[in-house]
Amino acid sequence: MNSVTRNASRSDIIQIDPKTFDKKYSISSRFKERVDLFMRLVDQYFAKESKVLDLGCGSGYLSIRMADKGYKITGIDGSLDMINFCNEAMKESKTKAIEFRQVRIPDDIADFGRKNSFNGVIASSVFEYLDDLPGAMQWLHGLMEDGAILIASMPNRHSLYRKFERISYAILRKPGYLAHVRNMTTERSFMELAKNCGFETIESQFFGKSIIQSNRITCKLIKMTQNTLIAFVLQKKGKPCNN
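Each chain carries its own residue numbering, running from 1 in the direction its sequence is written. Only residues with pLDDT of 70 or above have their local features reported here, since the model is predicted, and side-chain atom pairs are shown and tallied only from 80 upward, although totals for entire chains, interfaces and linings are computed over all residues. The side-chain values count all of the structure's non-hydrogen atoms but skip hydrogen atoms and water molecules.

This next bit is on the overall build of the protein. Across its full length, the protein carries 10 helices and 7 strands. Note that accessible areas follow from Shrake-Rupley with a 1.4 Å probe, and for residues the cover is restricted to the protein chains shown. Just so you have it, the protein exposes about 11,700 Å², and 50% of that area is on carbon and sulfur atoms. Runs of H or I in DSSP of at least four residues are treated as helices and runs of E of at least two as strands, each being numbered from the N terminus.

This paragraph deals with the pattern of salt bridges. When a carboxyl oxygen of Asp or Glu lies within 4 Å of a side-chain nitrogen of Lys or Arg, that pair is called a salt bridge. Per the stated rule, a full pass over the model turns up 10 salt bridges. A salt bridge links Asp-43 to Lys-48, with the nearest nitrogen and oxygen atoms 3.7 Å apart. Exposure classes here rest on a 1.4 Å probe applied to the protein chains alone. A residue is buried below 20% of its type maximum, exposed above 50%, and partly exposed in between. A residue is classified by how much of its surface remains accessible, and Asp-43, at 32% relative accessible area, is partly exposed. Residue Asp-111 is joined to Lys-115 by a salt bridge in which the shortest nitrogen-to-oxygen separation is 3.4 Å. Taken together, the positions of Asp-111 and Lys-115, both in helix 6 (residues 109–115) and 4 residues apart, correspond to about one turn of that helix. Take Asp-111: its relative accessible area is 32%, and that puts it in the partly exposed class.

Among the residues of helix 4 (residues 61–68), Leu-62, Ser-63, Ile-64, Met-66 and Ala-67 are the ones counted as buried. One or two steps after helix 4, the chain reaches Gly-70, where phi turns positive at roughly 105°.

Attention now moves to the sheet that holds strand 4 (residues 118–123). An order of 3-2-1-4-5-7-6 is seen for the 7 strands of this open sheet, with the pairing classed as mixed. Across the chains shown, the open sheet's two edge strands, defined by having one partner strand only, are strand 3 (98–102) and strand 6 (199–207). Neighbouring strand axes in the sheet, compared pairwise and without regard to direction, differ in orientation by 15° on average. Here the rule is simple: two strands pair whenever DSSP picks up at least two bridges between them. Relative to strand 2 (residues 72–77), strand 1 (residues 51–55) runs parallel, the two being bridged by 5 bridges. By the bridge assignment for strand 2, Lys-51 is matched with Lys-72. Axis lines are fitted through C-alpha atoms, for helices just across the contact stretch, and the angle between N-to-C directions can take any value from 0 to 180 degrees.

Right, let's talk about helix 8 (residues 160–172) for a bit. Every α-helical turn comprises 3.6 residues, leaving residues that sit three or four positions apart pointing alike. With 13 residues, helix 8 extends 18 Å from end C-alpha to end C-alpha; this agrees with the ideal 18 Å at 1.5 Å per step. Of the residues making up helix 8, those classed as buried are Arg-162, Glu-165 and Ser-168. In a view along the axis of helix 8, the buried residues occupy a sector of 120°, so they form one face of it. The exposed residues of helix 8 that point more than 90 degrees off its buried face are Phe-164, Ile-167, Ala-170 and Ile-171. Contacts are residue-level and defined by heavy atoms, with any inter-residue pair within 4.5 Å sufficient. Those residues of helix 8 that are buried are in contact with strand 5 (144–155) and strand 7 (229–236). Each polar contact in these results corresponds to two N or O atoms within 3.5 Å; when the atoms are within protein, one needs to be able to donate a hydrogen and the other to accept it, and residues that are neighboring in sequence are counted only if both atoms are side-chain atoms. For helix 8, the N-terminal capping position is held by Ser-159, with its side-chain oxygen 3.2 Å away from the main-chain nitrogen of Tyr-161. Multiply 1.5 Å by the residue count of a helix minus one, and that product is the helix's expected span. In this description, one arc is meant: the one made by directions from the helix axis to the C-beta atoms.

A separate point is the side chain of Thr-185. Secondary-structure assignment places Thr-185 in the loop between helix 8 and helix 9 (187–196). Among the polar contacts made by the side chain of Thr-185, one reaches the side chain of Ser-189 at a distance of 2.9 Å. Not counting the four nearest positions on each side in its chain, Thr-185 is found in contact with Met-154, Pro-155, Asn-156, Arg-157, Phe-190, Ile-230 and Phe-232.

Scored from 0 to 100, pLDDT records how confident the predictor is in each individual residue. When the pLDDT values of the protein are averaged, the result is 89; 88% of them are 70 or greater. The low-confidence segment residues 1–13 (pLDDT under 50) makes 71 contacts with residues lying over four places distant or belonging to another chain.

A cis geometry characterises the amide bond from Ile-105 onward to Pro-106, with omega recorded as 5°. Here the bond from Lys-174 into Pro-175 is cis, since omega is 0°, no more than 30 degrees from zero. Relative to the assigned elements, Pro-175 resides in the loop between helix 8 and helix 9. Here the phi dihedral of Glu-49 falls at roughly 70°; this positive angle occurs in a residue that is not glycine.

With that settled, the discussion passes to a nonpolar patch on the surface. Within this analysis, patches are made of residues with over 30% relative accessible area and no salt bridge. Like charges are joined at 9 Å or less; nonpolar side chains (Val, Leu, Ile, Met, Phe, Trp, Tyr) at 5 Å or less. Taken together, the side chains of Ile-167, Ile-171 and Leu-172 present a nonpolar region at the surface, about 350 Å² in accessible area. Its location among the elements puts Leu-172 in helix 8.

Turning our attention to the packing of aromatic side chains. The pairing test for Phe, Tyr and Trp rings, Trp by its six-membered ring, is centres within 6.5 Å, and the orientation test on the planes gives stacked under 30 degrees, edge-to-face over 60, and tilted for anything in between. Applying the stated criterion across every chain yields a total of 9 aromatic pairs. Arranged with centres 6.3 Å apart and planes meeting at 85°, the rings of Phe-21 and Tyr-25 form a pair that is edge-to-face. In this pair, Phe-21 and Tyr-25 both sit in helix 2 (residues 18–27), 4 residues apart, roughly one turn of the helix. For the pair formed by Phe-21 and Tyr-25, the shared burial category is buried. Ring centres 6.2 Å apart and planes at 50° place the aromatic pair Phe-112 and Trp-139 in the tilted group.

Structure follows, in structure tokens:
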């Protein structure tokens, strides 16, 4: 959904046109599902008028949605094209409570971290593209106020569809986006990583279009293998274990 990657942005590496990327929010059921989930979690866990970081803001869709609800947003992305698109989109919206900035990971994070702190962070489809995920999470920990909330999504390693993708990529080098993916996770392994980085897991939820389409599927084992993504709600607690 968003476009931050290792040291630039997914849009830089995969050459995503900002307008094409933004259009997915209106035509893709997967994007719509993710927006609905993130906005529900934001409203549930973020206090109104919270200062929120949208890490890897992409075309700014989620940033603008949050700002419309009264949150004070800073959106950062590694792609200058995306940031320029965000600023134009903000002009067309009714909100001005957003600052969009180009910030490359890891190149620019030290300077950004010295000047900013946040009550909340969202990271939608960002963590999977980072070379040093523990380092990025510890950096976010340092940006966040005590008790602040981080809402993030990660690809579900147990998903049958994800397994099929990895087999397809090994044989055919398709889908091409996997060339840039550095991290997939299980629910348990990410919760352990979060704990080591100074976060407590408040909630986790499987989502993403399932192979089996049924509203009656509630068994966690089935959700774990059919849903392609996991959302995590983390709260800053104490210091990372290596500090």
